[in-house]
Amino acid sequence: VALTISRSLETTGLLSCLDGWMYLSESQRRDIVSLTEADARAIAEARGAARFILGSVSLEGDSISATLALHDSRDGSLVDQRSHIEARSQASAGQVGVRAFTGFLPSLLDPGRPQPDLSIVVDRDQAAVATWIRGERLYRDLQFDSAYVLLRGAVRIDSLLIPAALRGAQAAKWAHDGIQTDTLLALAVRHDSLLTPEQVHIAHGLAAHYRGDADAAVGRFRQALELRREWPEAWTALGETYFHLLPEETDGYLLAEEAFRESFRLDPGFEPPLIHLTQLEVWNGDNGEAGAFLSQVRESRADSSTILWLELLTSCARE
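Draft legend 1. The environment of histidine 84, seen in detail. Considering the arrangement of structural elements, one finds histidine 84 in strand S3 (residues 78–87). Histidine 84 sits 18 residues away from alanine 66 along the chain, and the two C-alpha atoms are 5.5 Å apart. Beyond its immediate chain neighbours, meaning those up to four positions away, histidine 84 contacts Ile64, Ser65, Ala66, Val96, Arg99 and Ala100. Within the structure, histidine 84 has its side chain in polar contact with the side chain of glutamate 86 (distance 2.9 Å).

Draft legend 2. Summary view of the nonpolar core. Among the nonpolar cores identified, the biggest contains 80 residues, and Trp132, Leu166 and Ile202 are the most heavily contacted of them. Setting aside residues no more than four positions away along its own chain, leucine 166 makes contact with Leu185, Ala188, Leu195, Gln199, Ile202, Ala203 and Leu206.

Draft legend 3. Structural context of the pairing of strand S1 (residues 51–60). Alignment of S1 against strand S2 (residues 63–72), held across ten bridges, turns out to be antiparallel. Opposite arginine 51, over in S2, you have aspartate 72 as the bridge partner. Between S1 and S2, which pair antiparallel in sequence order, lie two residues; one of them, glycine 61, sits at a positive phi of approximately 60 degrees.

Draft legend 4. The side chain of histidine 209, seen in detail. Of note, histidine 209 is situated in helix H11 (residues 197–210). The residues contacting histidine 209, other than those within four sequence positions of it, are Ala217, Glu240, Thr241, His244 and Leu245.

Draft legend 5. Focus on the pattern of salt bridges. Evaluation of the coordinates by the stated rule reveals 19 salt bridges. Close ionic contact of arginine 167 with glutamate 233 constitutes a salt bridge, the shortest N to O distance being 2.6 Å. A residue pair is termed long-range when its members are at least 10 positions apart, and arginine 167 in helix H9 (residues 162–174) and glutamate 233 in helix H13 (residues 232–245) qualify at 66 residues. The closest approach of N and O atoms between arginine 265 and glutamate 262, which form a salt bridge, is 2.8 Å. Taken together, the residues span about one helical turn, with arginine 265 and glutamate 262 both in helix H14 (residues 254–266) at a distance of three residues. Accessibility expressed as a relative area gives 47% for arginine 265, which makes it partly exposed.

Draft legend 6. Examining empty space enclosed by the protein more closely. Counting across every chain of the model gives one cavity of 30 Å³ or more. Looking at the largest cavity, its volume works out to about 60 Å³. Arg7, Glu10, Pro163, Leu166, Arg167, Gln170, Leu195, Gln199, Ile202, Trp231 and Glu233 together form the lining of the largest cavity. A breakdown of the residues in the lining of the largest cavity according to their chemical character gives five nonpolar, two polar and four charged.

The rules we used
- Residues numbered from 1 in each chain as written.
- Predicted model: local features only at pLDDT ≥ 70, side-chain atom pairs only at ≥ 80, totals over all residues.
- Heavy atoms only, no water.
- Helix = DSSP H or I, 4+ residues; strand = E, 2+ residues; numbered from the N terminus.
- Contact = heavy atoms within 4.5 Å.
- Polar contact = N/O pair within 3.5 Å; in protein donor to acceptor, adjacent residues only side chain to side chain.
- Core = buried A, V, L, I, M, F, W, Y, C linked by side-chain atoms within 4.5 Å.
- Buried < 20%, exposed > 50% of the residue type's maximum accessible area, 1.4 Å probe, protein only.
- Pairing = 2+ DSSP bridges.
- Salt bridge = Lys/Arg side-chain N within 4 Å of Asp/Glu carboxyl O.
- 1 Å grid on protein atoms, 1.4 Å probe; cavity = no way out; pocket = protein on both sides within 12 Å on 5 of 7 lines; lining within 4 Å.
- Points joined across faces, edges and corners; volume = space filled by probe spheres on them.
- Nonpolar A, V, L, I, M, F, W, Y, C, P; charged D, E, K, R; others polar.

Bear in mind that shape data such as this cannot, by itself, settle questions of function.
In structure tokens form, the structure reads like this:
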């Protein structure tokens, strides 16, 4: 539900939402009931968030419901609370959560700001949206093979779920499936009117990157960052272009490393930058830092092939 809310907000360009799971302790993850409002507030304050949300999802018979509580990070006070319930045959858990969340928008947006259009999430085929979000989760956890299969499946269910096509192209690239990369990215570019302005720059930037046009790719990714400076995905895409296409012209990968570190700083739950950060530390001769990044990759649910490759890389450098 948290990831669906976050992705739905990305389609508006108005608000950013971080999934708090990455910031919980191991004991809190094992027993989520132990997470107190004070704990959640401390996490939100540390991340510079103005608000934080706690909530629950319930399944009862044929119905699914979500109850969300919006708190102010300054003093922990309850700003608003919303619930939504629907038949499980009509909506996914994520869609139910987003519909509950929409009640918070007047409290979150500046007065007079028009309500954002979240139809790309709430009004699409429920199976397609659920499959898309599962693919997003796997992508963030470095499970690229499984992610692109799910994301491709979401697009097969709903061919105009363009954010899923865009992410699917990225996952297919990591999974070394060039045909699916080209097919899904072409779909995203062809229907870029269904993306936000910054997502349009990402789509066209990726297209330029994959055809080897480094200058055009960098230009597009920097335009995306002008629209949304604190966007981990744009920083990662920029770093990828410096890393793969412009290493000799960017001071020994320095610009790539800066971009990857900024992406990871903004959202530690978005883990693709970890792969290249591990490589860069090996090449910098810092085996300790490389090992620390590798440990984070191991703690994720990354594909075994990714872990094995990085283990070989770090062990060869160390020995």
